[in-house]
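# Notes for the structure review
Each chain is listed here by its residues.
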Amino acid sequence: MFLLTTPAGAGGAEAPQGTAAFVMNACYFPLLFWGPLVAILTVAYARRRRNTTPEGSGSCGFDRK
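Our subject in this report is the structure included herewith.

Rules used in this analysis
- Residues numbered from 1 in each chain as written.
- Predicted model: local features only at pLDDT ≥ 70, side-chain atom pairs only at ≥ 80, totals over all residues.
- Heavy atoms only, no water.
- Helix = DSSP H or I, 4+ residues; strand = E, 2+ residues; numbered from the N terminus.
- Buried < 20%, exposed > 50% of the residue type's maximum accessible area, 1.4 Å probe, protein only.
- Areas by Shrake-Rupley, 256 points an atom, 1.4 Å probe, with all protein chains shown as cover.
- Phe/Tyr/Trp six-rings, centres within 6.5 Å; stacked < 30°, edge-to-face > 60°.
- Patch = residues over 30% accessible without salt bridge, like charges linked within 9 Å, V, L, I, M, F, W, Y side chains within 5 Å.
- Salt bridge = Lys/Arg side-chain N within 4 Å of Asp/Glu carboxyl O.

Turning to the overall build of the protein chain, a few remarks are in order. A tally of helices and strands in the protein chain yields two helices and zero strands. Looking at the protein chain as a whole, 6% of its 65 residues qualify as buried. Here the protein chain has roughly 5900 Å² of accessible surface; of this, 65% comes from carbon and sulfur atoms.

Spelled out as structure tokens, the structure:
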């Protein structure tokens, strides 16, 4: 799993230490999933759009008149 604390010697003198490092890393951790999540949602959207009903049959199951 992702390290939620800063390894010894990482960063510099101004790098967060202790609780501050934990909070910073805990907040940053979800951002690591942004790229894969966008890719998954893009593929799901493309599949959903490709499998739509033909023109004229309406959207969401409603018939146009």
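Moving on to the packing of aromatic side chains. Two descriptors summarise a pair of aromatic rings, namely the distance from one centre to the other and the angle between the planes of the rings. The final tally for this structure, using the stated rule, is one aromatic pair. Both rings, one in Phe-29 and one in Phe-33, keep their centres 5.4 Å apart while their planes meet at 85°; by these two values the pair is edge-to-face. Owing to a relative accessible area of 23%, Phe-29 belongs among the partly exposed residues under this scheme.

The next point concerns a nonpolar patch on the surface. A cluster of nonpolar side chains, Tyr-28, Leu-31, Leu-32 and Phe-33, forms an exposed patch at the surface whose accessible area comes to about 420 Å². Mapped onto the fold, Tyr-28 is located in helix H1 (residues 19–28). When its relative accessible area of 45% is taken as the criterion, Tyr-28 is described as partly exposed.

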